[in-house]
Amino acid sequence: MLVIEEQLATLGRVTSQALTFHREHAEAKEFDLVDIAESALRLHADKLARHQISVDRQFQGPAKATVFGSEILQVLSNLILNAVDALPRGQGRISVRVKSRGQSVHILVSDNGEGIADEFSSRLFEPYVTSKISGTGLGLWLSHRIVSKHRGTLRFRFSRKQGRSGTSFRISLPLAQLAQRNV
Ligand SMILES: Nc1ncnc2c1ncn2[C@@H]1O[C@H](COP(=O)(O)OP(=O)(O)O)[C@@H](O)[C@H]1O
Ligand SMILES: [Mg+2]
């Protein structure tokens, strides 16, 4: 398949999956974040395989939150694609964890890439901050806005230590019943 065809196929899948979440749920609905995480990994399965990235899933569901499914899917998709960009071909590892703790549900996306350069780390959620030649610098800005709109937090940590470098993003959202009570 030509690269452009592959890109179109991916785009088609992203769009149709996103629409599935969107059409059925014009309002925020209760989702198990495990389902959204699985969907995001499915969307990018071909790319992850092409880049020889191994994926470690640790899903401790149910982790229910009242969300706009397509938006959280988009955030996860951004985080996974950023991780792919940060990873060297062949030795890359991504871990996606979903868990529910107390009154929050969490999704963590971690990679064993180089970590984040100091010049970017303090401004990561600002628009147009990118270290990539063809980056937009809008992915994390948008992701942060989406998570905040859901009354959640998007946090990250990273290490640049040789041999154990990596970056980890954590989306935390209110547990479903709590969110509903507050509406
Ligand atoms: N997992 C990651 N590892 C290393 N750097 C990252 C990671 N995720 C994001 N970054 C840094 O944050 C910047 C902004 O990311 P983003 O807003 O998604 O824009 P873009 O991907 O278009 O550059 C990236 O250019 C990169 O420097
Ligand atoms: Mg990005």
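Our subject is the structure that appears above.
Residues numbered from 1 in each chain as written. Chains lettered and ligands numbered in written order. Predicted model: local features only at pLDDT ≥ 70, side-chain atom pairs only at ≥ 80, totals over all residues.

Trainee: Break down the pairing of strand 7 (residues 166-174) for me, citing the residues and quoting the values.
Mentor: As judged from the eight bridges shared by strand 5 (residues 104-111) and strand 7, these two strands associate in the antiparallel manner. When the sheet's bridge partners are listed, Val 109 is paired in strand 7 with Phe 169. Pairing geometry for strand 6 (residues 153-159) and strand 7, over seven bridges, is antiparallel. Opposite Thr 153, over in strand 7, you have Ser 172 as the bridge partner. (Pairing = 2+ DSSP bridges. Helix = DSSP H or I, 4+ residues; strand = E, 2+ residues; numbered from the N terminus.)

Trainee: Provide a residue-level description of the packing of helix 2 (residues 33-43) against helix 4 (residues 69-86), including the pertinent values.
Mentor: Where helix 2 contacts helix 4, the axes come no closer than 9 Å and their chain directions differ by 50 degrees. Taken together, the axis directions place helix 2 and helix 4 in an arrangement best described as oblique. The two elements helix 2 and helix 4 cross, and the hand of that crossing is right-handed. Here helix 2 contributes Ile 36, Ala 37, Ser 39, Ala 40 and Leu 43 to the contact with helix 4, which in turn contributes Gly 69, Ile 72, Leu 73, Leu 76, Ser 77 and Ile 80. For the contact of helix 2 with helix 4, the class distribution of residues is eight nonpolar, three polar and no charged. (Axes fitted to C-alpha atoms, helices over the stretch in contact; angles between N-to-C directions. Parallel < 35°, antiparallel > 145°, perpendicular 65-115°, else oblique. Left-handed = near helix turned anticlockwise from the far one by under 90°. Contact = placed C-beta atoms within 7 Å. Nonpolar A, V, L, I, M, F, W, Y, C, P; charged D, E, K, R; others polar.)

Trainee: Tell me about the nonpolar core, residues and numbers included.
Mentor: With 33 residues, the main nonpolar core has Leu 33, Ile 36, Ala 37, Leu 76 and Val 109 as its most contacted residues. Mapped onto this core, the elements with two or more residues apiece are helix 2, strand 3 (64-67), helix 4, strand 4 (93-101), strand 5, helix 6 (139-149) and strand 7. In terms of residue count, helix 4 provides more of this core than any other element does, eight residues in total. Ignoring sequence-local partners within four residues, the contact set of Ile 36 consists of Phe 31, Gly 69, Ile 72, Leu 73 and Leu 76. (Core = buried A, V, L, I, M, F, W, Y, C linked by C-beta atoms within 7 Å. Buried ≥ 20, exposed ≤ 12 C-beta atoms within 10 Å, placed from the backbone.)

Trainee: Just give me the short version of the environment of Pro 62, but keep the residues and values in it.
Mentor: Among the secondary structure elements, Pro 62 is positioned in the loop between strand 2 (54-59) and strand 3. Pro 62 gets classed as partly exposed once you count the C-beta atoms within 10 Å, which come to 15. Other than its neighbours up to four places away in sequence, Pro 62 contacts Asp 32 and Val 34.

Trainee: Any details on the environment of Ser 39? Residues and values, ideally.
Mentor: Counting through the fold element by element, Ser 39 comes out in helix 2. Sequence-wise, Ser 39 and Leu 76 are 37 residues apart; in three dimensions their C-alpha atoms are separated by 9.5 Å.

Trainee: Provide a residue-level description of the site of ligand 1, including the pertinent values.
Mentor: Taken together, the neighbourhood of ligand 1 is formed by 21 residues, with Ala 86, Thr 130, Ser 131, Gly 135 and Gly 139 sitting nearest. Among the elements of the structure, helix 4 and helix 6 are those that each provide at least two residues to the shell around ligand 1. Top element by residues in the shell around ligand 1 is helix 4. It accounts for four residues. Here the residues of the shell around ligand 1 sort into nine nonpolar, 10 polar and two charged. (Near = placed C-beta within 6 Å.)

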